[in-house]
Amino acid sequence: MKRRFLPALIVAGFAIFASGAAMADASWPALFRKAAESAGPVGIAAYDFSVETQSEEPSVLKGRFDGTRPKGDRVTISKAEGGRERDPKKVDERMEETFDGDIWCDSLLTRADGPVVETGASPLGRIFAFTPKPDDDADGTERKMYKQLKATAVIDEKTGAVKSFSAILPQPYKPAIIAKIEKLEIGIVCDVASNGRTYISRMTTQIAGSAVGRSFKATSVQSISNLKVGG
C-alpha cells in the first residue's frame with residue numbers, strides 16, 4: 001500500500017512496511033529467512049476493515065476490501081465519520097489507490113533493510129531486530145525517516161509463522177525545519193488465516209509531534225475481520 005507522511009501515515013492503510021515483495025537475503029538468520037521466503041501471493045483476500053483514530057479530529061472508518069473485484073471497485077465504504085474527509089466517495093477513491101490487499105505478516109520481513117539480528121525469545125517465539133525498508137516510490141523525506149526506525153518481529157520456532165511486529169522511532173526526528181516527530185510507535189498483532197498464513201489482524205499506531213508551529217497527537221487502531229482467502 002502506498003503511504004504518505006506525518007499524520008496521514010496512520011490512516012493510509014494496513015501493512016505500512018509491506019508493499020512489494022523482495023527476495024530473502026542469504027545472510028539473514030535461518031528462522032527469519034524461512035518466514036520471509038513464505039511471503040508471496042496466496043489466493044485473493046477479501047476482508048472487512050476498521051480504522052478508529054483518536055486525535056483533535058477523531059474519526060471512524062469502516063468498509064470492506066474485495067480482491068476478487070476489478071481494480072477501482074475493490075473497496076466499499078460503509079462508514080466514514082469525523083476527521084477531515086467525511087465524503088464516503090472521496091474516502092473510497094483514496095482507499096482504492098492505497099489498498100493492494102497485502103495484509104500478510106510475512107511480507108513485513110521482506111522489507112528488512114540490512115542486517116537482521118536475533119535478540120532473544122518471548123512466549124510467542126524468537127525475536128528478531130532490523131531496520132525496515134520504505135516502498136520503492138517513497139520520497140526522500142520518508143526514506144530518511146525509515147532509516148531511523150527500529151523494527152522487531154516475533155517468529156514461531158516450530159511453524160515459522162510471524163506472530164507479531166513492532167516498530168519505533170527511538171529518538172525525535174525532524175523531517176523539515178517546520179516539522180518534528182517526537183514519537184512514532186507501531187504495534188501489529190498477527191492471526192492465522194484459513195490458508196495457514198498469518199495476517200495483520202490489528203495494528204495500533206501512535207504518533208506525536210509538531211508541524212508549522214502546531215502540535216499533533218494521535219492514536220489509530222486498524223483492524224481486519226471476516227477474512228476470506230480464495231484460490
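Residues numbered from 1 in each chain as written. Predicted model: local features only at pLDDT ≥ 70, side-chain atom pairs only at ≥ 80, totals over all residues. Heavy atoms only, no water.

Engineer: What exactly am I supposed to notice about helix H1 (residues 30-37) here?
Structural biologist: In an α-helix, one turn spans 3.6 residues; hence positions three or four apart end up facing the same way. Listed in full, the buried residues belonging to H1 are Leu 31, Phe 32, Ala 35 and Ala 36. Along the axis of H1, the buried residues cluster in a sector spanning 135 degrees; they form a single face. For H1, the exposed residues set more than 90 degrees away from the buried face come down to Ala 30 and Glu 37. (Buried < 20%, exposed > 50% of the residue type's maximum accessible area, 1.4 Å probe, protein only. Helix = DSSP H or I, 4+ residues; strand = E, 2+ residues; numbered from the N terminus. Arc of directions from axis to C-beta.)

Engineer: I'm lost on the environment of Ser 78 in this one. Help?
Structural biologist: With respect to the helices, strands and loops of the structure, Ser 78 is situated in strand E3 (residues 75-82). Sequence spacing of Ser 78 and Lys 62 is 16 residues, and the spatial spacing of their C-alpha atoms is 5.6 Å. If we ignore the near neighbours within four places in the chain, the residues touching Ser 78 are Lys 62 and Gly 63. (Contact = heavy atoms within 4.5 Å.)

Engineer: Would you mind going over the nonpolar core with me for this structure?
Structural biologist: When a protein is soluble and globular, its nonpolar side chains tend to lie buried together. By size, the foremost hydrophobic cluster in this structure holds 33 residues, and its most contacted members are Phe 32, Leu 109, Phe 130, Phe 165, Leu 184 and Ile 188. For this core, the element with the most residues is strand E9 (residues 179-192), which contributes five residues. If sequence neighbours within four positions are ignored, Phe 130 has contacts with Phe 32, Leu 108, Leu 109, Ala 112, Pro 115, Val 116, Lys 150, Ala 151, Ala 153 and Phe 165. (Core = buried A, V, L, I, M, F, W, Y, C linked by side-chain atoms within 4.5 Å.)

Engineer: So what exactly am I meant to see when it comes to the confidence of the model for the protein here?
Structural biologist: Regions with low pLDDT should not have their predicted coordinates read in detail. For the protein, mean pLDDT is 83; residues scoring 70 or higher make up 87% of the total. Here helix H2 (residues 88-98) stands out as the least confident element of the protein, with mean pLDDT 79; strand E5 (residues 125-130) is the most confident, with 97. In this model residues 1-20 is a low-confidence stretch, pLDDT under 50, and it forms 90 contacts with partners more than four residues away in sequence or in other chains. (pLDDT = per-residue confidence, 0-100.)

Engineer: What am I meant to see in unusual backbone geometry here?
Structural biologist: Most peptide bonds adopt trans geometry, and most residues besides glycine take a negative phi value. One non-glycine residue, Val 212, lies in positive phi territory at about 50 degrees. Mapped onto the elements of the fold, Val 212 is located in the loop between strand E10 (198-211) and strand E11 (214-229). Residue classification places Val 212 among the exposed residues on the basis of a relative accessible area of 64%. Residues other than glycine seldom take positive phi values, yet Asn 226 does so here, at roughly 50 degrees. Among the secondary structure elements, Asn 226 is positioned in strand E11.

Engineer: For this particular structure, what's the right way to read the pairing of E9?
Structural biologist: Regular strands show a simple pattern: their side chains alternate between the two faces of the sheet. When strand E7 (residues 162-168) meets E9, the two strands line up antiparallel, connected through five bridges. Opposite Phe 165, over in E9, you have Ile 188 as the bridge partner. Of the strand pairs in this sheet, strand E8 (residues 173-176) and E9 are connected by two bridges, and their pairing is antiparallel. Looking across to E9, one finds that Ala 176 is bridged to Ala 179. Following E8, the chain reverses through two residues before pairing antiparallel with E9. Note that E9 and E10 share 13 bridges and pair antiparallel. When the sheet's bridge partners are listed, Ile 188 is paired in E10 with Met 203. The antiparallel hairpin formed by E9 and E10 contains five residues in its connecting segment, where Gly 196 sits at a positive phi of about 85 degrees. (Pairing = 2+ DSSP bridges.)

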